Amino acid sequence: MTLRALLPLVIAAALAAGCSSVDFWKDQFSAPSAPAQGSEPAQPLGQTFEEDVQLARTYTETYWNQKFQAAGTTYRPLQRFVAYSGADGPECGGQPAVPENAFYCPVGHFVAYDERWMRSLYEEMGDGAVYLIIPHEIGHAVQAQLMSDFSLNVERELQADCYAGGALKGLIDSKQLEAESGDEEELLANLAAAGDPTEAWWRSDAHGTPAQRQQFFAKGFNSGVDSC
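Residues numbered from 1 in each chain as written. Predicted model: local features only at pLDDT ≥ 70, side-chain atom pairs only at ≥ 80, totals over all residues. Heavy atoms only, no water.

Looking at the packing of aromatic side chains
The condition is simple: Working definition: rings of Phe, Tyr and Trp (its six-membered ring) pair if their centres are within 6.5 Å, and the pair is stacked with planes under 30 degrees apart, edge-to-face with planes over 60 apart, and tilted otherwise. Put simply, DSSP marks the helices as runs of H or I at least four residues long and the strands as runs of E at least two long, and each gets a number from the N terminus on. We call a residue buried when its accessible area falls under 20% of the maximum for its residue type, exposed when it is over 50%, and partly exposed in between, using a 1.4 Å probe and counting protein chains only. Any Lys NZ or Arg CZ found within 6 Å of a ring centre and within 35 degrees of that ring's normal is scored as a charge over the ring.
Throughout the structure, instances matching the rule amount to eight aromatic pairs. Aromatic pair Phe-49 and Tyr-122: ring centres 5.2 Å apart, planes at 80°, arrangement edge-to-face. In this pair, Phe-49 sits in helix α1 (residues 49-70) while Tyr-122 sits in helix α2 (residues 115-125), placing the two residues 73 residues apart along the sequence. Both residues of the pair, Phe-49 and Tyr-122, belong to the buried class. Chaining the aromatic ring pairs together yields one cluster made of Tyr-63, Trp-64, Phe-68, Tyr-75 and Tyr-163. A cation sits over an aromatic face here: Arg-80 above Phe-110, 4.4 Å from the ring centre. Residue placement shows Lys-169 over the ring face of Phe-221; its charged tip is 5.8 Å from the ring centre.

Here you go:
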């Protein structure tokens, strides 16, 4: 079976302090080949939006479970993984879900995402969106379990980007995802689209500029989650 590429992933060179751009190799991911006939059923191969969402969640949580075990601790899997539409999402601590968003909620330990919105990103910008958004939100779940503390929201968000990059590199190294030749434009577009339009780093909803988000994702990919 010919496998569909899952994600063009940034592999940045070492970044100089204050650098506003990153260098990219052209790599993208595919799921491992299906097992021989008569073996265990194959994981979904990332041929549809639904399969990519499932793979992104399953593989990322598998990575963190192994990472926690190696550190002598226990990863607590998400209690729920909720798809919603528009304003029909679950509340988090009394706050309503908003359209065109994905979020981790520590009250209930779940991730929720606007399915219509994420599907539109998937169709317009490629499946890289799924492999950025879901590992990022699971990164917030990791922060909650580690009881990480931050002075600014932008610090929290950029670390989650770094965790996403590190987790994806870990999945490549463990052969759960395979690198294939591809282009870098898809990932660049997804990271740029997710960045803040201004450098208002003090805002309570700041996530980082496009360049910052690219840089922190690349940091995790190049140096692993321990560097985050």
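Let's talk about helix α3 (residues 128-146)
To be explicit about the condition: Each residue after the first adds 1.5 Å to the expected span of a helix.
Here α3 spans 27 Å end to end across 19 residues, near enough to the 27 Å set by a 1.5 Å rise per residue. Directly after α3, the chain includes Met-147, whose backbone phi takes a positive value near 55°.

Some thoughts on the state of the cysteines
Stated formally: Here, two cysteine sulfur atoms that lie within 2.5 Å of each other are counted as a disulfide.
Overall, the coordinates contain two disulfides when judged by the stated rule. Sulfur-sulfur distance for the disulfide between Cys-92 and Cys-105 comes to 2.1 Å. In this structure, the disulfide formed by Cys-92 and Cys-105 twists by about 95° around the S-S bond and is classed as right-handed. Taken together, the residues span a long stretch of sequence, with Cys-92 in the loop between β3 (80-84) and β4 (102-105) and Cys-105 in strand β4 at a distance of 13 residues. Under the relative-accessibility criterion, Cys-105 is labelled buried at 0%. Across a sulfur-sulfur distance of 2.0 Å, Cys-162 and Cys-228 are joined as a disulfide pair.

Quick notes on the packing of helix α4 (residues 153-173) against helix α6 (residues 210-223)
What counts, and what does not: In this analysis, axes come from line fits to C-alpha atoms, helices being fitted only over the stretch in contact, and the angle between any two N-to-C directions falls in the range 0 to 180 degrees. By definition in this entry, angles of less than 35 degrees are roughly parallel, angles greater than 145 are roughly antiparallel, angles of 65 to 115 are roughly perpendicular, and the rest are oblique. The hand of a helix crossing depends on one turn: near helix anticlockwise from the far one by less than a right angle means left-handed, and clockwise means right-handed. Any two residues whose heavy atoms approach within 4.5 Å are treated as being in contact.
Put simply, α4 and α6 touch, their axes get as near as 6 Å, and they point 40° apart. Relative to α6, α4 is oriented oblique. Considering how the two elements wind past one another, α4 and α6 form a crossing that is right-handed. Contacts between α4 and α6 involve Leu-158, Asp-161, Cys-162, Ala-164, Gly-165, Gly-166, Leu-168, Lys-169 and Ile-172 from the first element and Gln-212, Arg-213, Phe-216, Phe-217, Lys-219, Gly-220 and Phe-221 from the second.

Some remarks on the nonpolar core
We apply this condition: Definition used in this section: a nonpolar core is a set of buried Ala, Val, Leu, Ile, Met, Phe, Trp, Tyr and Cys residues joined via side-chain atoms within 4.5 Å.
In terms of nonpolar packing, the biggest core is built from 36 residues, with Val-53, Trp-64, Met-118, Val-130 and Ile-134 touching the most fellow members. Those elements that provide at least two residues to this core are α1, β4, β5 (110-114), α2, α3, α4 and α6. Ranked by residues supplied to this core, first place goes to α3 with nine residues. Contacts of Val-130, omitting those with residues within four sequence positions, involve Phe-49, Asp-52, Val-53, Ala-56, Met-118, Tyr-122 and Pro-135. Ranked by size, the runner-up nonpolar core spans eight residues in total, among them Val-82, Ala-97, Phe-103 and Ala-112.

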